[in-house]
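Architecture at a glance
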Amino acid sequence: MPLAYVLNQLDRRANDRTRSEWLAAQRQHSDAQIVRIAGDSTLVVDGRLVTDRSGSEEPVVFLGLDPQGRPWFACSTSQTEGLRDLRSLAMDEVLPPGELGILAQARSLMQWHERRRFCSNCAGKLESADAGYRRHCPACGMDHFPRTDPVVIMVVRHARGILLGRQQAWKPGMYSALAGFVEPGETIEDAARREVFEEAGVRVGAVRYVSSQPWPFLSNLMIGLIGEALSDEIVRDPTELEDARWFNRDEARLMLAHTHPKGLYAANPYAIAHDLIRAALDETEAPGGGA
């Protein structure tokens with residue numbers, strides 16, 4: 001299963017979408033595609049993403065041009081029939097990977113518009129601008145732009161194995177990589193070290209980047225890392241984790257395959273944590289002689 005939400009092929013045309021004449025022409029395009037978003041869901045009928053002009057919804061955000069030159073837009077919808085949430089669409093591989101990437105962009109932008117109706121500087125009502133990529137306050141002149149919050153997510157390796165944890169809200173048996181938000185004035189590497197120590201009490205030395213994944217719940221960028229442990233004693237923060245433990249290589253592979261004898265399993269295949277666990281296991285050299 002491919003990593004979800006990462007294969008968005010739209011050309012966002014940042015230099016053109018600010019021009020009203022150009023944008024108007026895209027809105028009037030005979031083959032314009034409109035993605036309808038309701039919360040974390042979109043309209044899917046007979047396994048196909050609904051993007052036609054049927055209905056009364058007006059496009060709010062310009063997403064970009066696809067390789068065929070068709071403009072894509074996004075809008076909110078009040079429809080309830082045919083809705084599928086973006087997580088299940090990824091898990092069940094209902095849509096092509098490119099469409100999932102477009103949905104991640106659409107969901108993140110629509111959510112930002114829903115939550116940024118008023119100016120944080122003067123409380124004036126904001127107006128949409130730049131094809132939905134800016135909200136302007138006519139009262140004080142302040143501009144607001146969409147935000148993406150960076151999240152570090154890491155698998156930590158040690159001679160004992162790899163460190164995974166679980167939160168109480170997760171389904172029974174599921175374990176995943178530790179994760180947390182990058183704080184102001186903090187590097188990605190230091191954020192990873194801090195989060196692992198805060199949640200599991202394990203000190204981490206070297207940290208390296210593996211890959212990233214847009215995560216539209218709520219508009220995060222998951223920054224995937226592998227870290228090398230300097231200590232192995234786990235001191236779990238019970239407010240963060242229900243459990244944290246070291247899993248040896250064989251046990252972790254069983255969890256990836258959902259064949260663990262105790263019913264334990266790793267993060268869902270469409271999530272970056274799954275790829276990080278696999279990457280950590282595939283590396284033959286591990287600290288202290290291999291995991």
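Presented here is an overview of the structure given in this document. (Residues numbered from 1 in each chain as written. Predicted model: local features only at pLDDT ≥ 70, side-chain atom pairs only at ≥ 80, totals over all residues. Heavy atoms only, no water.)

1. So, the overall build of the chain
- Broken down by element type, the chain carries six helices and 15 strands.
- Its C-alpha atoms put the chain at 65 × 45 × 30 Å along the principal axes.
- With 291 residues in all, the chain has 49% of them scored as buried.
- Within the chain, contacts between residues at least 6 apart in sequence are counted, and of these 65% link residues at least 24 apart.
- Roughly 14200 Å² of accessible area belongs to the chain as shown, and the carbon and sulfur atoms make up 48% of that amount. (Helix = DSSP H or I, 4+ residues; strand = E, 2+ residues; numbered from the N terminus. Buried < 20%, exposed > 50% of the residue type's maximum accessible area, 1.4 Å probe, protein only. Contact = heavy atoms within 4.5 Å. Areas by Shrake-Rupley, 256 points an atom, 1.4 Å probe, with all protein chains shown as cover.)

2. Digging into helix α6 (residues 272-282)
- Residues of α6 that are buried include every one of Ile272, Ala273, His274, Leu276, Ile277, Ala280 and Leu281, and no others.
- Contacts made by the buried residues of α6 are with β10 (149-158), β11 (161-166), β13 (204-215), β14 (220-229) and α5 (249-256).

3. Some thoughts on the pattern of salt bridges
- Taken as a whole and assessed by the stated rule, the structure comprises 20 salt bridges.
- For aspartate 190, the salt bridge goes to arginine 193, with nearest N and O atoms at 2.9 Å. Placement of both aspartate 190 and arginine 193 in helix α4 (residues 188-200) is noted, with a separation of three residues, approximately one turn of the helix.
- For aspartate 190, a relative accessible area of 39% gives the class partly exposed.
- Using a relative accessible area of 27% as the deciding quantity, one classes arginine 193 as partly exposed.
- One salt bridge connects glutamate 195 with arginine 194, and the closest N-O pair in it is separated by 3.1 Å. The exposure classification of glutamate 195 matches that of arginine 194, with both residues buried.
- By sharing partners, the salt bridges in this structure join Glu183, Glu186, Arg194, Glu195 and Glu198 into a single network. (Salt bridge = Lys/Arg side-chain N within 4 Å of Asp/Glu carboxyl O.)

4. Some details on the layout of surface pockets
- The volume enclosed by the largest pocket comes to roughly 1100 Å³.
- What lines the largest pocket is a set of 42 residues, and nearest its centre among them are Arg87, Trp215, Phe217, Asn220 and Met222.
- Here the lining of the largest pocket is composed, by residue class, of 20 nonpolar, eleven polar and eleven charged. (1 Å grid on protein atoms, 1.4 Å probe; cavity = no way out; pocket = protein on both sides within 12 Å on 5 of 7 lines; lining within 4 Å. Points joined across faces, edges and corners; volume = space filled by probe spheres on them. Nonpolar A, V, L, I, M, F, W, Y, C, P; charged D, E, K, R; others polar.)

5. Topic: the nonpolar core
- Within the largest apolar cluster, 52 residues are counted, with the highest numbers of intra-cluster contacts made by Tyr5, Val35, Leu63, Leu103, Ile162, Phe247 and Ile277.
- Of all the elements, helix α3 (residues 97-115) adds the most residues to this core, at seven residues.
- Excluding residues within four positions of it along the chain, phenylalanine 247 makes contact with Arg160, Gly161, Ile162, Leu164, Tyr175, Ala252, Met255 and Leu264.
- One finds Val196, Ala200, Ala229 and Leu241 within the second-largest nonpolar core, a separate group that totals 19 residues. (Core = buried A, V, L, I, M, F, W, Y, C linked by side-chain atoms within 4.5 Å.)

6. Brief notes about the sheet that holds strand β8 (residues 134-136)
- Pairing is antiparallel in the open sheet, where three strands are placed in the order β7-β8-β9. The outermost strands of the open sheet, each flanked by one partner alone, are β7 (127-129) and β9 (143-144).
- Two strands pair when backbone bridges link them, and β8 and β9 are joined in this way by two bridges, in the antiparallel orientation. Residue pairing for β9: histidine 136 is matched across the bridge by aspartate 143. (Pairing = 2+ DSSP bridges.)

7. Regarding the packing of aromatic side chains
- Inspection of every chain in the model, using the stated rule, returns seven aromatic pairs.
- Look at tyrosine 5 and tryptophan 215: their rings are 5.8 Å apart centre to centre, the planes differ by 70°, and that puts the pair in the edge-to-face class. Of the two residues, tyrosine 5 sits in the segment before α1 (20-27) while tryptophan 215 sits in strand β13, which places them 210 residues apart along the sequence.
- When the centroid spacing of 5.5 Å and the interplanar angle of 65° are considered together, the rings of phenylalanine 62 and phenylalanine 73 count as edge-to-face. (Phe/Tyr/Trp six-rings, centres within 6.5 Å; stacked < 30°, edge-to-face > 60°.)

8. Re α1
- Among the residues making up α1, those that are buried are Trp22, Leu23 and Gln26. For α1, the angular spread of buried residues about the axis comes to 95°, placing them on one side. Pointing more than 90 degrees away from the buried face of α1 are the exposed residues Ser20 and Glu21.
- In the core, the buried residues of α1 are packed alongside β4 (61-65) and β5 (71-76). (Arc of directions from axis to C-beta.)

9. Quick word on the side chain of aspartate 243
- Following the sequence through the fold, aspartate 243 ends up in strand β15 (residues 243-247).
- Exposure remark for aspartate 243: the relative accessible area of 19% places this residue in the buried category.
- Separated by 2.8 Å, the side chains of aspartate 243 and arginine 245 make a polar contact.
- Each residue touching aspartate 243, except ones within four places of it in the same chain, is listed here: Leu164, Gly165, Arg166, Tyr175 and Arg236. (Polar contact = N/O pair within 3.5 Å; in protein donor to acceptor, adjacent residues only side chain to side chain.)

10. What about unusual backbone geometry?
- The omega torsion across phenylalanine 217 and leucine 218 is 15°, close enough to zero to call that bond cis.
- Unusually for a residue other than glycine, alanine 123 sits at a positive phi of about 75°.
- Here the phi dihedral of histidine 258 falls at roughly 60°; this positive angle occurs in a residue that is not glycine.
- On the accessibility criterion, histidine 258 (47% relative accessible area) is partly exposed.

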